[in-house]
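Here are the chains, one letter per residue:
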Amino acid sequence: MNNSGGSASESGTRVAWLALRDLADPVLDRFAAQLPATDADRAARFRRPIDRQAFLAGRLLLDALAAAAGCRSPLRIDDTGKPCFADGGPDFSITHAGGWVAVALGGAARVGIDLEPVDRTVDAMALARGVLAPDEHAALRNAMPSARAAQFLAAWTVKEAWAKALGLGLSADLTHARLDLAASRITVPDDSDWTIGLYCPEPGLYLSLALHHPDHSPPPPIGFARVSWAGHQLRFDHASISPEAANRSATSARSISSNSSSSAKIAADAAR
């Protein structure tokens, strides 16, 4: 990859996403053949092809981002069941839904990422109980019925990303992370220790990123890239996107400066 070198903590947080339709099965099959046995076995256990594809695409993106940050450590599972780098490298988060996959490499921050297609069919009012705070629930109830699913999914991605960055997953009290779409505002406990944004990186796609940088340290810079497969390598087209909603720290977070595109040869040999 032709990104600037240096450690992940120096280069800030990197976020990359791709559409599964952009990766042909032979690319993922050959990448799977390069994985450690434990990861290859895990990929093989998925019953649905799309779940296997999403898992492999997430690992492919992670390997590319980690290599660019100078991290080539194998993965292990920590005591909470969360994948991490064996040598204690930067935190990362992987998410997939609706044929999309996204990865965030956190640099010096704890990171969580989540995405959802806006047009996903959900019973928003039924799912809202125990997930939305009272003011969010009232806003959802007052919304047009046709808009409720998208409004709920926006809040859901924010809460999921925040819970992942905490390392708690669905055991977290999701009502503590609140989204006010009308005010484009996100609030969480200890707000100054967080950078959280809700983005629409593609038409019809919500993506939320949560960074935990405690002790009131400055918000880390963030770089976004849309990824596709070009020839025998991943192509990263760097994007400048503004949040649809954010907490106060996110509004002052810097973007990582980079060229408009770069390539990663992480799977080039395997794809030939």
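Being a predicted model, the structure only gives us computed values, none of them experimental. Here the residue numbering is sequential within each chain, running from 1 through the sequence in written order. In keeping with the predicted nature of the model, local features appear solely for residues at pLDDT of at least 70, side-chain atom pairs appear and are counted solely at 80 or more, and the whole-chain, interface and lining totals rest on all residues. Only hydrogens and water are set aside; all other atoms, that is, all heavy atoms of the structure, feed into the side-chain values.

Is there a simple way to explain the overall build of the protein chain in this structure?
Runs of E in the DSSP output that reach at least two residues are strands. Runs of H or I that reach at least four are helices, and both are numbered from the N terminus. Tallying secondary structure elements over the protein chain gives nine helices and 14 strands in all. Exposure classes here rest on a 1.4 Å probe applied to the protein chains alone. A residue is buried below 20% of its type maximum, exposed above 50%, and partly exposed in between. Evaluated residue by residue, the protein chain yields a buried proportion of 49% over its 272 residues. Residue contacts are counted whenever heavy atoms from the two residues lie within 4.5 Å of one another. If you take every contact in the protein chain between residues at least 6 apart in sequence, the share linking residues at least 24 apart comes to 63%. Computed with a 1.4 Å probe, the accessible areas rest on the Shrake-Rupley method; for each residue, only the protein chains presented here act as cover. Of the roughly 12,800 Å² of accessible surface on the protein chain, 49% is carried by carbon and sulfur atoms.

Can you walk me through the packing of helix H3 (residues 37-45) against helix H4 (residues 49-68) in this structure?
Put simply, H3 and H4 touch, their axes get as near as 8 Å, and they point 150° apart. What the angle tells us is that H3 and H4 run roughly antiparallel. The hand of the H3/H4 crossing is right-handed. For the pair H3 and H4, contact is made by Asp39, Arg42 and Ala43 and by Arg52, Phe55, Leu56 and Arg59, respectively. For helices, the fitted line uses only the C-alpha atoms of the stretch in contact; every axis is such a line through C-alpha atoms, and the angle between N-to-C directions lies from 0 to 180 degrees. Roughly parallel means an angle under 35 degrees; roughly antiparallel, over 145; roughly perpendicular, 65 to 115; everything else is oblique. Each crossing gets its handedness from the near helix: less than a right angle anticlockwise from the far helix is left-handed, clockwise is right-handed.

Help me understand the pattern of salt bridges, please; the structure alone is not making it clear to me.
Where charged atoms from two side chains of opposite charge approach closely, those side chains can pair. When a carboxyl oxygen of Asp or Glu is within 4 Å of a side-chain nitrogen of Lys or Arg, the pair counts as a salt bridge. The full count for this structure, using the stated rule, is 13 salt bridges. Taking the shortest distance from any N to any O, the salt bridge between Arg178 and Asp135 comes out at 2.5 Å. With Arg178 in strand E7 (residues 178-180) and Asp135 in helix H6 (residues 134-142), this residue pair connects regions lying 43 residues apart in the sequence. Relative accessible area serves as the criterion here: at 38%, Asp135 is assigned to the partly exposed category. Each of Asp22, Glu202 and Arg226 takes part in one network of salt bridges that share partners.

It is not clear to me how the side chain of Asp39 should be interpreted in this structure. Could you clarify?
Within the fold, Asp39 resides in helix H3. For this analysis, a polar contact is any N or O atom pair within 3.5 Å, provided that within protein one partner can donate a hydrogen and the other can accept it, and provided that sequence-adjacent residues contribute only side-chain to side-chain pairs. A polar contact is formed between the side chain of Asp39 and the side chain of Arg59, at a distance of 2.5 Å. Those residues in contact with Asp39 that sit more than four places away from it in its chain are Phe55 and Arg59.

Explanation requested: unusual backbone geometry in the structure shown.
Peptide bonds are, in most cases, trans, and in most cases residues other than glycine have a negative phi. Positive phi values are uncommon outside glycine, yet Ser184 reaches one of about 55°. With respect to the helices, strands and loops of the structure, Ser184 is situated in the loop between E7 and strand E8 (185-187). Accessibility expressed as a relative area gives 34% for Ser184, which makes it partly exposed.

Could you clarify how one ought to interpret the nonpolar core in this entry?
Soluble globular proteins tend to bury their nonpolar side chains together. Ranked by internal contacts, the top residues of the largest apolar core, which has 32 residues, are Leu18, Leu23, Leu56, Leu61, Leu234 and Phe236. Breaking this core down by element, the ones donating at least two residues are strand E1 (13-19), helix H2 (25-32), H4, strand E5 (100-105), strand E11 (222-230) and strand E12 (233-239). The element that contributes the greatest number of residues to this core is H4, accounting for 10 residues. Of all hydrophobic cores here, the second largest spans 30 residues; its members include Ala124, Ala177, Val188 and Ala210. Side-chain atoms within 4.5 Å link the members of a nonpolar core, which is a set of buried Ala, Val, Leu, Ile, Met, Phe, Trp, Tyr and Cys residues.

Can you walk me through the packing of aromatic side chains in this structure?
The geometry of an aromatic ring pair is captured by the separation of the ring centres together with the interplanar angle, meaning the angle of the planes. Think of it this way: a Phe, Tyr or Trp ring, Trp meaning its six-membered ring, pairs with another when their centres are within 6.5 Å, and the plane angle makes it stacked under 30 degrees, edge-to-face over 60, tilted otherwise. All told, the structure shown has five aromatic pairs when counted by the stated rule. Plain terms: the ring middles of Phe152 and Trp156 are 6.2 Å apart, the flat faces sit at 20° to each other, and that makes the pair stacked. Taken together, the positions of Phe152 and Trp156, both in helix H7 (residues 148-166) and four residues apart, correspond to about one turn of that helix. For Phe152, a relative accessible area of 4% gives the class buried. Arranged with centres 4.9 Å apart and planes meeting at 55°, the rings of Tyr199 and Phe224 form a pair that is tilted. Pair noted here: Tyr199 is in strand E9 (residues 194-202) and Phe224 is in strand E11, with a separation of 25 residues, a long-range link. In terms of burial, Tyr199 and Phe224 fall into one category: buried. When the ring centre of Phe92 is taken as origin, the NZ or CZ atom of Lys82, which lies over that ring, is 5.4 Å away. Put simply, a charge is over a ring when the Lys NZ or the Arg CZ is close to the ring centre, within 6 Å, and near the line of the ring normal, within 35 degrees.

Which parts of the structure should I look at to understand the pairing of strand E4 (residues 92-97)?
Working note: regular strand, side chains alternate between the two faces of the sheet. Should DSSP find at least two bridges between two strands, the strands are regarded as paired. Bridge analysis of E4 against E5 gives six bridges, and the strand direction is antiparallel. Each residue of the ladder has a partner; that of His96, found in E5, is Val101. Turn length for the E4-E5 hairpin, with the two strands adjacent in sequence and antiparallel, is two residues, and the turn residue Gly98 shows positive phi of about 60°.

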